[in-house]
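Each chain is listed here by its residues.
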Amino acid sequence: MSVVALKYTKEKKVGEGTYAEVFVGHNKDDESLIAVKMIKVDKFIDGLDMSAIREVKFLQEMHHPNVVGLLDVFVSEEGNLNLVLEFLPSDLEVIIKDKSLVFSEADVKSWLLMILRGVHHCHRNFILHRDLKPSNLLIAPDGQLKVADFGLGRSMSFLPYEKMTPTVVTRWYRAPELLLGARHYTGAIDIWAIGMIFAEMMLRVPYLAGQSDHEQLDITFKALGTPSPQQWPKMEYLPGYNKSTAFKIRHPAPTRQQMQALFSAASDKALTLLCSMICMDPLKRATTAQALMSPYFSDTPLPSKPNDLPKRH
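Residues numbered from 1 in each chain as written. Predicted model: local features only at pLDDT ≥ 70, side-chain atom pairs only at ≥ 80, totals over all residues. Heavy atoms only, no water.

Section: the overall build of the protein chain
Across its full length, the protein chain carries nine helices and 10 strands. With 313 residues in all, the protein chain has 53% of them scored as buried. Contacts spanning at least 24 positions in sequence make up 65% of the contacts within the protein chain whose residues lie at least 6 apart. Element-wise, carbon and sulfur atoms account for 55% of the exposed surface of the protein chain, whose accessible area totals about 15,000 Å². (Helix = DSSP H or I, 4+ residues; strand = E, 2+ residues; numbered from the N terminus. Buried < 20%, exposed > 50% of the residue type's maximum accessible area, 1.4 Å probe, protein only. Contact = heavy atoms within 4.5 Å. Areas by Shrake-Rupley, 256 points an atom, 1.4 Å probe, with all protein chains shown as cover.)

Right, here's the structure in full:
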């Protein structure tokens, strides 16, 4: 593939303290638009960063309509690693923030279904995304939503003594176990993030938006109730449990009526699905497979077809 860069678009985080530059370019062979993610190798002291290697590996392994496609990988003359990705002109954050666009329940249902399908494909390939948020959910011209940016992704760990970093996932979408410093976690952290995105699509603003990790945990408990050891067994063994002041005030869990008042346009099945994805105890949280089987998706109205979804012109 012969690639020509057209213009710089943005900077994206690749790994811990590592960033990549993203360009829009075109393939000289057929003039199709592509995205080029350039990872500067000279920023690494001991060779290529593991997060960049993981991203290439994951994208090479996964082929799914709801996961961004990796078209090619090449090294430039300067020695930088370049990932050639399919060009997707918009993302879900842009759509949510555009108040000129009106969403129907069928539209929200369609976007959520595509997110779950993409993340389910990741999880059944034993890959954690670890940075799900609206800006990492890209929209193709035909309306298909695709999970993108695997810079913080990693393989699932099945060994309880293998430690992972808790400083993953953008704060507003970060699960409570991560906020409490969990060093071993599962795909439940991605499900929590999807639940927050689901809530954001219905509210048109971020559901839980803390300005610090401490505030994030505090507003999470205020919104969803402070969990007790009975509701979340072994919570007290998490590193941040005794250090957190968020447990000093016991906030009651919201009633169904209170949740319905906040999500006024949500159906009963939508609230049931949302609550299953934002359960405090990660072991009780729905999996992607369980969420996909929710009667919410088979209830009327049925999900909109991707081509019929609201889009910016």
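Considerations on the pairing of strand β3 (residues 33-39)
Burial analysis of β3 places six of its seven residues in the buried class, which makes it a mostly covered element. The sheet contact formed by β3 and strand β5 (residues 81-86) spans six bridges and is antiparallel. When the sheet's bridge partners are listed, Ala35 is paired in β5 with Leu85. (Pairing = 2+ DSSP bridges.)

A few points about unusual backbone geometry
With omega at 0°, the peptide bond leading from Thr300 into Pro301 counts as cis. Locating Pro301 in the fold gives a position in the segment after α9 (288-292). Residues other than glycine seldom take positive phi values, yet Val169 does so here, at roughly 70°. According to the relative accessible area criterion, Val169 is buried, its value standing at 4%. Unusually for a residue other than glycine, Arg204 sits at a positive phi of about 70°. As for its position among the elements, Arg204 is in the loop between α5 (188-203) and α6 (213-224). The buried category is assigned to Arg204, whose relative accessible area is 15%.

A few points about helix α3 (residues 105-124)
Under the 1.5 Å per step criterion, the end-to-end length of α3 is 28 Å for 20 residues, consistent within 8% with the ideal 28 Å. By the criterion of burial, α3 is predominantly enclosed, with 16 of the 20 residues buried. Positive phi appears at Phe126, one or two residues downstream of α3, with a value of about 60°. (Expected span 1.5 Å × (residues − 1).)

Remarks on the sheet that holds strand β9 (residues 145-147)
A sheet is described by the order of its strands in space; here three strands give the open sequence β6-β8-β9, paired in antiparallel fashion. Looking at strand neighbours, the two that pair on one side only are β6 (90-91) and β9, the edges of this open sheet. By the bridge criterion, three bridges tie strand β8 (residues 137-139) to β9 in an arrangement that is antiparallel. The partner of Ile139 across the bridge, within β9, is Leu145. Sitting on the sheet, α3 is in contact with β8 and β9, with an inclination near 30° to β9. (Axes fitted to C-alpha atoms, helices over the stretch in contact; angles between N-to-C directions.)

Quick look at the environment of Ile249
Its location among the elements puts Ile249 in the loop between α6 and α7 (256-262). Residue class for Ile249 comes out exposed when judged on its relative accessible area of 55%. With 31 residues separating them in the primary sequence, Ile249 and Asp218 have C-alpha atoms 9.3 Å apart.

Here's the deal with the nonpolar core
In this structure, Trp111, Leu112, Phe198 and Met201 are the most contacted members of the largest nonpolar core, which totals 86 residues. Ranked by residue count, the leading element in this core is α5, at 10 residues. Aside from chain neighbours lying at most four places away, what touches Trp111 is Leu92, Ile95, Phe103, Ile139, Leu145, Met201, Leu309 and Pro310. Membership of the second largest hydrophobic core comes to five residues, among which are Phe23, Ile34, Met38 and Val84. (Core = buried A, V, L, I, M, F, W, Y, C linked by side-chain atoms within 4.5 Å.)

Observations concerning the packing of aromatic side chains
By the definition in use, this model includes six aromatic pairs. With a centroid separation of 5.7 Å and an interplanar angle of 45°, the aromatic rings of Phe198 and Tyr296 are classed as tilted. In this pair, Phe198 is assigned in helix α5 and Tyr296 in the segment after α9, connecting sequence segments 98 residues apart. Here the two residues Phe198 and Tyr296 agree in accessibility, since each one is buried. When the ring of Tyr207 is compared with that of Phe263, the centres are 5.3 Å apart and the planes differ by 70°; the resulting orientation is edge-to-face. Of this pair, Tyr207 sits in the loop between α5 and α6 while Phe263 sits in the loop between α7 and α8 (268-277), and the two are 56 residues apart along the sequence. (Phe/Tyr/Trp six-rings, centres within 6.5 Å; stacked < 30°, edge-to-face > 60°.)

Points about the pattern of salt bridges
All chains considered together, the criterion is met by 12 salt bridges. When the shortest N-O distance is used, the salt bridge between Lys37 and Asp149 registers 3.3 Å. Of this pair, Lys37 sits in strand β3 while Asp149 is found in the loop between β9 and β10 (154-155), placing the two residues 112 residues apart along the sequence. You'll find Lys37 and Asp149 in the same group, each marked buried. (Salt bridge = Lys/Arg side-chain N within 4 Å of Asp/Glu carboxyl O.)

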